[in-house]
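Notes for the structure review
Spelled out, the chains give:
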Amino acid sequence: VFDAALVHIVNQAAPGSWVQAKQRIVEARKGRAERSMAILRDSYPEADLVFVQEAAASFAAVVEADPVMSSRFSMVVPQAVSTKRSQNSMILLRKGLFEVTQVREIEAQFTPETKSSVSAGDLLLVEMTQPAKLLLASFHGDTNG
């Protein structure tokens with residue numbers, strides 16, 4: 001029903017062009033990881049921490065494959081990454097400032113009522129002791145819309 005409503009809206013706004021609109025959207029999604037990497041690399045070269053949400057599980061590998069980004073940052077990825085959806089939360093830590101060996105993922109505690117609203121990969125909580133005691137959180141918060 002939702003898809004039919006979207007097609008109806010597109011047909012009302014631009015009659016007969018929904019197929020072309022869909023093709024443009026699909027085309028725009030190609031190379032998303034590489035475009036995201038270029039933005040991070042070129043726009044935030046001095047960042048010490050970068051909190052990433054809605055990333056594909058493969059995004060960590062894209063960071064590692066980029067010589068500039070992998071020389072600047074270590075990537076922290078949740079143990080429970082979702083490979084089915086591109087909505088994972090991750091954290092980039094500046095190398096030389098943060099010791100990734102000092103990072104410990106904390107499993108979030110939820111009540112039975114709220115646990116179902118957080119899916120695998122949505123929330124990454126890490127505790128660090130170097131350079132100071134820190135609790136870092138990256139959260140993708142609209143799983144249920």
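Residue numbering note: each chain is counted from 1, following its sequence as written. The predicted nature of this model means local features are confined to residues of pLDDT at least 70 and side-chain atom pairs, given and counted, to a pLDDT of 80 or more, with totals for whole chains, interfaces and linings taken over all residues. Heavy atoms throughout the structure, all of them, feed into the side-chain values; hydrogens and water do not.

**A closer look at the sheet that holds strand E2 (residues 73–76)**
Strand-to-strand pairing in sheets goes through backbone hydrogen bonds, with the strands running parallel or antiparallel. Two strands make a pair as long as DSSP finds a minimum of two bridges between them. Starting at the N terminus, helices and strands are each numbered in turn, a helix being any DSSP run of H or I of at least four residues and a strand any DSSP run of E of at least two. Taken together, three strands build an open sheet; the order of strands is E1-E3-E2 and the sheet is antiparallel. Each end of this open sheet is capped by a strand with a single partner; those strands are strand E1 (49–55) and E2. Each adjacent strand pair in this sheet contributes to an overall mean axis angle of 25°, direction not counted. Sheet analysis places E1 next to strand E3 (residues 88–94), joined by five bridges and oriented antiparallel. Within E3, the residue paired with Val-50 across the bridge is Leu-92. Lines are fitted to the C-alpha atoms to define the axes, a helix being fitted only along its stretch in contact, and any angle between axes, read from their N-to-C directions, falls within 0 to 180 degrees.

**Some remarks on unusual backbone geometry**
At Glu-54, a position not held by glycine, the phi torsion is positive, near 60°. Within the secondary structure, Glu-54 is located in strand E1. A residue is classified by how much of its surface remains accessible, and Glu-54, at 33% relative accessible area, is partly exposed. Burial classification: accessible surface area is computed with a 1.4 Å probe over protein chains only, and a residue below 20% of its type maximum counts as buried, one above 50% as exposed, and the rest as partly exposed.

**Examining the nonpolar core**
In terms of nonpolar packing, the biggest core is built from 14 residues, with Val-50, Val-52, Phe-59, Val-63, Met-69, Met-75 and Leu-92 touching the most fellow members. Looking at this core, the elements that each hand over two or more residues are helix H3 (32–43), E1, helix H4 (59–65), E2 and E3. Excluding residues within four positions of it along the chain, Met-75 makes contact with Phe-59, Ala-60, Val-63, Met-90, Ile-91 and Leu-92. Among buried residues, the Ala, Val, Leu, Ile, Met, Phe, Trp, Tyr and Cys ones that are joined through side-chain atoms within 4.5 Å form a nonpolar core. Listed in part, the nine residues of the second largest apolar core include Leu-93, Phe-98, Val-103 and Leu-136. It only takes one pair of heavy atoms within 4.5 Å for two residues to be counted as in contact.

**A few points about the pairing of E2**
Residues Phe-73 and Met-75 line one face of E2 and the alternating positions Ser-74 and Val-76 line the opposite face, and both faces are buried. Two elements, E2 and E3, share four bridges in a ladder whose sense is antiparallel. Pairing of Ser-74 across the sheet is with Leu-93, part of E3.

**Describing a nonpolar patch on the surface**
Together, Phe-2, Leu-6 and Ile-9 line one region of the surface with nonpolar side chains, adding up to about 330 Å² of accessible area. Summarising the element assignment, Leu-6 is placed in helix H1 (residues 2–13). Looking at Leu-6, the relative accessible area reads 39%, which means it is partly exposed. By definition, no residue in a patch forms a salt bridge, and every one has over 30% relative accessible area; like charges are joined within 9 Å, nonpolar side chains (Val, Leu, Ile, Met, Phe, Trp, Tyr) within 5 Å. Under the convention used here, a 1.4 Å probe and the Shrake-Rupley method define accessible areas, while residue burial counts only the protein chains that appear. The term salt bridge refers to a side-chain nitrogen of Lys or Arg lying within 4 Å of a carboxyl oxygen of Asp or Glu.

**Considerations on the environment of Asp-48**
Residue placement: Asp-48 occurs in the loop between H3 and E1. Overall, the relative accessible area of 37% leaves Asp-48 in the partly exposed class. Along the chain, Asp-48 and Arg-72 lie 24 residues apart, while their C-alpha atoms are 9.0 Å from each other. Residues contacting Asp-48, with those up to four places away along its chain left out, are Phe-73, Leu-92, Leu-93, Arg-94, Leu-97 and Phe-98.

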